[in-house]
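Residue-level structure breakdown
In case you want the letters, here they are:
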Amino acid sequence: MGFFLSVFRLMTERKTLIYETLLQHIGISLTAVLFITLVGIPLGILISRHPKMATPIIYITSVLYTIPVLALFGFMIPVLGIGSRPTLFALFIYGLLPLVRNTYVGITGVDRSIIEAARGMGSTSRQLLLNIELPLALPVIIAGLRTVVVMTISVATIAAFIGAGGLGVLIFRGITTYNTQLTVAGSILVAVLAVGADGFLGIVEKKLLKKIKT
Amino acid sequence: MKMNFFKLIPFILVLFMMGSLVLNTAGNTLDRVILASKPFTESYILTEIMVLLLQHDTNLDVEYKNIEGGTTSILHPAILQGEIDIYPEYTGTAWQDVLKKENIVSDPQELFNLVQAEYEEQFQLVWLPTFGFNDTFTLAVKADLAEKLNIKTYSDLAKVSNQLIFGAEPDFFERKDGFDNLVETYGFNFKNTKQMAIALKYPAILSGEVDVINAFSTDGLLKRYDMIILQDDKNFFPSYLAAPVVRKSVLELHPEVGDSLKKLAGLIDENLMIDMNYQVDEEKKDPQIVAREFLTNQGLIE
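In what follows, the accompanying structure is described. (Residues numbered from 1 in each chain as written. Chains lettered and ligands numbered in written order. Predicted model: local features only at pLDDT ≥ 70, side-chain atom pairs only at ≥ 80, totals over all residues.)

**Observations regarding the overall build of chain A**
- Per the secondary structure count, chain A includes nine helices and zero strands.
- Secondary structure elements of chain A occur, N-terminal to C-terminal, as α-α-α-α-α-α-α-α-α.
- Along the three orthogonal principal directions, the C-alpha set of chain A runs to about 65 × 45 × 20 Å.
- If you take every contact in chain A between residues at least 6 apart in sequence, the share linking residues at least 24 apart comes to 74%. (Helix = DSSP H or I, 4+ residues; strand = E, 2+ residues; numbered from the N terminus. Contact = placed C-beta atoms within 7 Å.)

In structure tokens form, the structure reads like this:
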């Protein structure tokens, strides 16, 4: 218990640093998730429409997913420099796979008979997508998004590595200056942020699904 | 035809992203200097000292960029790119890791002069005068063990090395002035070797998992764990004088930066550096506070 008290004391002592890194962390994660969503969902829809493209695109995103972040930072400095650019790039290529794949699986997994029925009633391809496929695929897409959000928030600790700040600063600083409390403080905040964001999306998901059903 | 819209979205967005990335590059304004540190206590303190002094002495916008992965392999390309303007570097590191020199120069001042000349010619980077201390590698053992086995020098250690376990960070096993050549020079024959992160070496020696570690000669924790530094009686390790490395164009544009940082020349000796490191690592002081106290004591800031 005494240890957690000392962590709490440290958090109040260094509150400007903690506040600053917390905001940076939220900023980086939000921006990354935004990019991932704006690219990932349309890309998932696109490959569900063109099954020939599906395998290569999912394959490419899987390969990107396996590149170690640190290696990426090392060889991207001449191109992307340091700071938020390489960080966003790294988070982007990591987050793409879960969302693209879930969107694709969600849409292609919609019961064929429903689609045939809608077609039979004269739905255009666009109506089909917006009124039938997307709403029915939504739970799977949102599940993908939640994975992306939690993963992005925790992976965003590596932002500190390359000069983009964030809660990783507390974690790395704690390790390099033998200050365990600082490391624990950073880790707790990352965990709280990730769990909080996931919970929030859970609520959004429930509301959305209710809306669609009615 | 309707699908074209959806097809285009990802491509438009990727273009948009790339565009914003390119635009970001123009972010470094003329009246700003950006400093960075290597990821360990001593470097944090040195950088905080430079930041505070520059804020005090100049009208520039002084920024300290936290790059926790900021080893030389990250910071050197970054300073070449102009992403950062100033960081503290060590002569030995520059000589071997950046300039890729094979030969070992044993005179510290000569090494500094060589590095300074090469940096200016090759990279347009300037080495300002050194802070004053030499943070070289050394070998350390617990004081009681040293006494029991009667070890004072590396050569003494070689005689009993077959009873001892050696621990160091993975880098040390890769370096030219690292494990392999060290073993060859002194004829060490350790019972076992263990690789661990820098921050874990002291806990490991405390718990008895290792007996001998490589250490930095200015490490504050040597003081805490009651360890002694052995004497490098064959002068194996090169010198690592620390000094600010600054982009030449910054010094030309803002001569006051050089004037300000030169005030730090020779002010910090090994004992003072050990003491400041100790305050951060052991007394858990914020490096910025330690830096501020140093500058106030020296009368460089109010």
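**As for the overall build of chain B**
- In terms of helices and strands, chain B carries 14 helices and ten strands.
- Along the longest, intermediate and shortest principal axes, the C-alpha atoms of chain B span 80 × 60 × 40 Å.
- Scored against the burial criterion, the 302 residues of chain B give a buried share of 44%.
- Here the contacts in chain B between residues at least 6 apart in sequence split such that 80% fall between residues at least 24 apart. (Buried ≥ 20, exposed ≤ 12 C-beta atoms within 10 Å, placed from the backbone.)

**Section: the nonpolar core**
- A:Ile36, B:Val33, B:Leu35, B:Ile49, B:Met50 and B:Ile84 are the most contacted members of the largest nonpolar core, which has 112 residues in total.
- At 13 residues, helix H2 (residues 15–49) of chain A tops the list of elements feeding residues into this core.
- Ignoring sequence-local partners within four residues, the contact set of B:Val33 consists of B:Leu54, B:Leu60, B:Val62, B:Asp85, B:Ile86, B:Val250 and B:Val257.
- Grouped together as the second largest cluster of nonpolar side chains are 26 residues, B:Tyr154, B:Phe172, B:Ala215 and B:Leu222 included. (Core = buried A, V, L, I, M, F, W, Y, C linked by C-beta atoms within 7 Å.)

**Here's the deal with the interface of chain A and chain B**
- At the junction of the two partners, chain A supplies 30 residues and chain B supplies 30 residues.
- Of all the elements in the fold, those that place two or more residues in the side of chain A that touches chain B are H2, helix H4 (69–80), helix H7 (125–155) and helix H8 (168–176) of chain A.
- Ranked by residue count, the leading element in the side of chain A that touches chain B is H2(A), at eight residues.
- In terms of residue class, the side of chain A that touches chain B is built from 18 nonpolar, nine polar and three charged. (Nonpolar A, V, L, I, M, F, W, Y, C, P; charged D, E, K, R; others polar.)

**Structural notes on the sheet that holds strand E7 (residues 192–195) of chain B**
All names here are of chain B.
- Across the sheet, which stays open at both edges, the five strands sit in the order E7-E6-E8-E5-E9 with mixed pairing between neighbours. Whereas interior strands pair on both sides, the edge strands pair on one side only; in this sheet they are E7 and strand E9 (227–229). In this sheet, adjacent strand axes meet at a mean angle of 35° when their direction is disregarded.
- As paired strands, strand E6 (residues 165–168) and E7 are joined by four bridges and run parallel to one another. (Pairing = 2+ DSSP bridges. Axes fitted to C-alpha atoms, helices over the stretch in contact; angles between N-to-C directions.)

**Looking at the packing of helix H2 (residues 41–57) of chain B against helix H12 (residues 255–262) of chain B**
Residues and elements named next belong to chain B.
- Across the interface, H2 lies against H12 with an axial gap of 10 Å and an inter-helix angle of 125°. Judged by the inter-axis angle, H2 sits oblique to H12. In this structure, H2 crosses over H12, and the sense of that crossing is right-handed. Contacts from Met50, Leu53, Leu54 and Asp57 in H2 reach Glu256, Val257, Ser260 and Leu261 in H12.
- A breakdown of the residues in the contact of H2 with H12 according to their chemical character gives five nonpolar, one polar and two charged. (Parallel < 35°, antiparallel > 145°, perpendicular 65-115°, else oblique. Left-handed = near helix turned anticlockwise from the far one by under 90°.)

**With respect to the pairing of strand E5 (residues 137–142) of chain B**
All names here are of chain B.
- Counting buried positions along E5 gives five out of six residues, so the element sits mostly inside the fold.
- Pairing between E5 and strand E8 (residues 212–216): five bridges, direction antiparallel. Along E8, the bridge assignment pairs Phe137 with Phe216.
- In this structure, E5 lies alongside E9, joined through three bridges in antiparallel fashion. When the sheet's bridge partners are listed, Ala140 is paired in E9 with Ile229.

**Examining H8(A)**
- Burial analysis of H8(A) places eight of its nine residues in the buried class, which makes it a mostly covered element.
- Trailing H8(A) by a residue or two, A:Tyr178 shows a phi angle of about 60°, which is positive.

**Here we look at the packing of H2(A) against helix H5 (residues 84–108) of chain A**
All names here are of chain A.
- Packing of H2 against H5 brings their axes to within 7 Å, and their N-to-C directions diverge by 35°. Once H2 is placed against H5, the crossing between them reads as right-handed.
- Of the residues that constitute the contact of H2 with H5, the class distribution is 18 nonpolar, ten polar and no charged.

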